[in-house]
Amino acid sequence: MRGALALLALFYLSWLPTRGVYEPGTEGNYLLVNKNLVEATAVFVVLVFRTGRIAGLDLLLARPRAAAAPVAEA
């Protein structure tokens, strides 16, 4: 997660959207906020709130599996 955040920060810093005009080869015209900043914010939220403990594969893998109790016959 930290690697994804660092990579998105590098993408954002390498091409700052400060002009606000259309440029050929880009997705659109943005002023300070582009898709990389939005994705970095989403990755930061996932990193901070530890959503893996609420839902997902981390929740399933972290639960200790209850050992099957032997059934006593009467």
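Residues numbered from 1 in each chain as written. Predicted model: local features only at pLDDT ≥ 70, side-chain atom pairs only at ≥ 80, totals over all residues. Heavy atoms only, no water.

Peer 1: Would you mind showing me how to read the overall build of the protein chain here?
Peer 2: The helix and strand inventory of the protein chain stands at three helices and zero strands. Going residue by residue from the N terminus, the α and β elements of the protein chain occur as α-α-α. Put simply, the protein chain has 74 residues, and 14% of those count as buried. Relative to all contacts within the protein chain whose residues are 6 or more apart in sequence, the contacts with residues 24 or more apart total 42%. Just so you have it, the protein chain exposes about 6600 Å², and 66% of that area is on carbon and sulfur atoms. (Helix = DSSP H or I, 4+ residues; strand = E, 2+ residues; numbered from the N terminus. Buried < 20%, exposed > 50% of the residue type's maximum accessible area, 1.4 Å probe, protein only. Contact = heavy atoms within 4.5 Å. Areas by Shrake-Rupley, 256 points an atom, 1.4 Å probe, with all protein chains shown as cover.)

Peer 1: Which parts of the structure should I look at to understand a nonpolar patch on the surface?
Peer 2: A grouping of Leu-31, Leu-32, Val-33, Leu-37 and Val-38 is seen on the molecular surface, where their side chains present a nonpolar patch of about 440 Å² in accessible area. Mapped onto the elements, Leu-37 comes out in helix 2 (residues 35-49). Since its relative accessible area comes to 30%, Leu-37 is described here as partly exposed. (Patch = residues over 30% accessible without salt bridge, like charges linked within 9 Å, V, L, I, M, F, W, Y side chains within 5 Å. Salt bridge = Lys/Arg side-chain N within 4 Å of Asp/Glu carboxyl O.)

Peer 1: Honestly, the side chain of Asn-34 in this entry has me stumped. Any pointers?
Peer 2: In this fold, Asn-34 is placed in the loop between helix 1 (2-14) and helix 2. Among the residues examined, Asn-34 registers a relative accessible area of 10% and is labelled buried. Residues in contact with Asn-34, not counting those within four places in the same chain, are Tyr-12, Trp-15 and Pro-17.

Peer 1: Would you mind going over the environment of Leu-13 with me for this structure?
Peer 2: Tracing the backbone through its elements, the reader meets Leu-13 in helix 1. Once the C-alpha coordinates of Leu-13 and Leu-37 are considered, the two residues, 24 residues apart in sequence, prove to be 9.6 Å apart.

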